[in-house]
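# Close look at the chain arrangement
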Amino acid sequence: MYETFFGLTGKPFQLNPDPAFFYGSRGHKRAFAYLQYGVHQGEGFIIVTGEVGAGKTTLVRSLLEQIDPNRLVAAQLVTTQLDAEDLLRAIAMAFGLATKAIDKAQLLAELEAFLVSLVPQGKRVLIVDEAQNLSGRAIEELRMLSNFQLGNQGLLQSFLVGQPELRLLMQGPELQQLRQRVTASYHLGPMDRAETQAYVEHRLRHVGWCKYPRFEPAAFDAIYTYSAGIPRRINTLCNRLLLAAALSEEHDIAAANVRSTAEEIRLELSEGDSQAAAVAARADGHGVGEDAPPVGLEERVLRLERAMTSTLDLVQQLRRSQASLKPLDPLNS
């Protein structure tokens, strides 16, 4: 792997969200502050939106890591393409409750009793990720849960985290009552040029980077241009960039390297879209053939990375073998 070639202790640009790599850009710090504010308030709804790959899930996981389990009970829901009643069951399961063979009324009663039982432990937080997939009825069920109270104290604090479509969903007339219970709302935008460079260097330093490979200033300009400051795009681009540099045994990364890698990714995306269109056409009866379904971009990236890694290992083995061979002495041959 390129980590070995560059002397890194780990993979700096993995696609899976990891709180250990959290970088506090201005936008991410502000969004995180809203989440912390929501935990402190203990009532109502906090809404955080952002584009795909903006770092919302990393924010949520960073928050969960900081929560003291002795003072606050948190449940996270990530499967949101559910109808209203299934959503309630998913929430109950997220809190560790059994939900089989009970009707909705009993389910609500058990949820309320459970939340009341947690009052001595502190606050209760529900985090709903990918909330843009919720139906209006499902969101209304969340509002109804916010009605649970013990005296003047709310029993549940909810965070809705999702893509910009969530904001459009919230504007529906049927959600007017929920909007009145939103205590804070924030949209997480992309990073700027300076933050993009700082983000890349932050992740590299986390795995022992000592400016090897060296990134030319123009390379960071290109990374920002092709990623638009979106963390997941930066990770995808830089992961491939370092792999290509290791295979080519390059110690400096220039703008040209970024452009060529970005073009490879663009072509793969275009190929994936074409394959998806072909499969859709066949499903509609407008195409023929028995082609396999298209492979997702991340899977293609992993396959290519494995193939390149095998090639790199083979090259290194050959070099070690050549280095171990002693030249023949012509006098003794």
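Structure: above.
Throughout what follows, the structure given in this document is the object of discussion. (Residues numbered from 1 in each chain as written. Predicted model: local features only at pLDDT ≥ 70, side-chain atom pairs only at ≥ 80, totals over all residues. Heavy atoms only, no water.)

## Description of the overall build of the protein
Going by this rule: The helix and strand labels rest on DSSP assignments: H or I over at least four residues marks a helix, E over at least two residues marks a strand, and numbering proceeds from the N terminus. Three labels apply to residues, based on accessible area from a 1.4 Å probe with only protein chains included: buried if under 20% of the type maximum, exposed if over 50%, partly exposed otherwise in between. Residues count as neighbours in contact if any of their non-hydrogen atoms are within 4.5 Å of one another. The protein chains shown are the only cover counted for residues, whose accessible areas, like all others here, come from Shrake-Rupley with a 1.4 Å probe.
When helices and strands are counted, the protein shows 13 helices and nine strands. Put simply, the protein has 333 residues, and 43% of those count as buried. Long-range pairs, those at least 24 residues apart, make up 76% of the contacts in the protein with a sequence separation of at least 6. A total of about 17,500 Å² of accessible surface is found on the protein, and carbon and sulfur atoms cover 52% of it.

## With respect to the packing of helix 4 (residues 84–94) against helix 5 (residues 104–117)
Inclusion rule: Think of each axis as a best-fit line through the C-alpha atoms, taken over the contacting stretch in the case of a helix, with angles from 0 to 180 degrees between the N-to-C directions. Crossing handedness follows the turn of the near helix against the far one: under a right angle anticlockwise gives a left-handed crossing, and clockwise gives a right-handed one. Residues were grouped as follows: Ala, Val, Leu, Ile, Met, Phe, Trp, Tyr, Cys and Pro as nonpolar; Asp, Glu, Lys and Arg as charged; and all remaining residues, including Gly, as polar.
At a minimum axis separation of 11 Å, helix 4 and helix 5 run at an interaxial angle of 35°. The two elements helix 4 and helix 5 meet at a crossing, and its hand is left-handed. Between helix 4 and helix 5, the contacting residues are Glu 85, Leu 88, Arg 89, Ile 91 and Ala 92 on the first element and Lys 104, Leu 107, Leu 108 and Leu 111 on the second. Counted by class, the contact of helix 4 with helix 5 contains six nonpolar, no polar and three charged residues.

## Digging into the packing of aromatic side chains
Note the following rule: In this scheme Phe, Tyr and Trp rings, the latter by its six-membered ring, pair at centre separations within 6.5 Å, and the angle between planes marks the pair as stacked below 30 degrees, edge-to-face above 60, and tilted otherwise.
Summed over all chains, the structure comprises eight aromatic pairs. Pairing Tyr 34 with Tyr 186 gives two aromatic rings, centres 5.4 Å apart and planes at 20°, and the pair type is stacked. Of the two residues, Tyr 34 sits in helix 2 (residues 26–41) while Tyr 186 sits in strand 7 (residues 182–188), which places them 152 residues apart along the sequence. Looking at Tyr 34, the relative accessible area reads 23%, which means it is partly exposed. Plain terms: the ring middles of Phe 215 and Phe 220 are 5.3 Å apart, the flat faces sit at 25° to each other, and that makes the pair stacked. For the pair Phe 215 and Phe 220, a shared accessibility class is recorded, and that class is buried. Put simply, the rings of Phe 5, Phe 6 and Tyr 212 pair up and form one aromatic cluster.

## Notes on the packing of helix 10 (residues 217–227) against helix 11 (residues 231–247)
The criterion, for reference: By definition in this entry, angles of less than 35 degrees are roughly parallel, angles greater than 145 are roughly antiparallel, angles of 65 to 115 are roughly perpendicular, and the rest are oblique.
With their axes 9 Å apart at the nearest point, helix 10 and helix 11 run at an angle of 130° to one another. One finds that helix 10 runs oblique with respect to helix 11. In this structure, helix 10 crosses over helix 11, and the sense of that crossing is right-handed. Contacts from Ile 223, Tyr 226 and Ser 227 in helix 10 reach Arg 233, Ile 234, Leu 237, Cys 238 and Leu 241 in helix 11. When its residues are assigned to classes, the contact of helix 10 with helix 11 shows six nonpolar, one polar and one charged.

## Some remarks on the nonpolar core
Quick reminder of the rule: The definition of a nonpolar core used throughout is a set of buried Ala, Val, Leu, Ile, Met, Phe, Trp, Tyr and Cys residues joined through side-chain atoms within 4.5 Å.
Ile 91, Leu 134, Leu 142, Leu 145, Leu 160 and Met 170 are the most contacted members of the largest nonpolar core, which has 35 residues in total. The set of elements that each furnish at least two residues to this core consists of strand 1 (45–50), strand 2 (72–77), helix 4, helix 5, strand 3 (123–128), helix 6 (136–145) and helix 7 (165–170). Sequence-distant contacts of Leu 145, that is, excluding residues within four places in its chain, are made with Leu 88, Ile 91, Leu 108, Leu 111 and Leu 156. Core analysis: the next-biggest nonpolar cluster, separate from the first, contains 31 residues, Phe 5, Leu 8, Leu 204 and Phe 220 among them.

## Points about the sheet that holds strand 1
Inclusion rule: Two strands make a pair as long as DSSP finds a minimum of two bridges between them.
Sheet architecture is open: five strands sit in the order 2-3-6-1-7, paired in parallel fashion. Two strands in the sheet have a free side with no partner beyond their single neighbour: strand 2 and strand 7. Mean inter-strand twist for the sheet, computed between neighbouring axes without regard to direction, equals 15°. Pairing analysis gives five bridges linking strand 1 to strand 6 (residues 157–162), with the strands arranged parallel. Looking at the pairing, Phe 45 lines up with Ser 158 of strand 6.

## What to know about the pairing of strand 3
Across the six residues of strand 3, five count as buried, placing the element largely inside the fold. Where strand 2 lies against strand 3, six bridges are found, and the strand directions are parallel. Counted as the bridge partner of Ala 75 is Leu 126 from strand 3. Of the strand pairs in this sheet, strand 3 and strand 6 are connected by four bridges, and their pairing is parallel. Bridge pairing links Val 128 to Leu 160 in strand 6.

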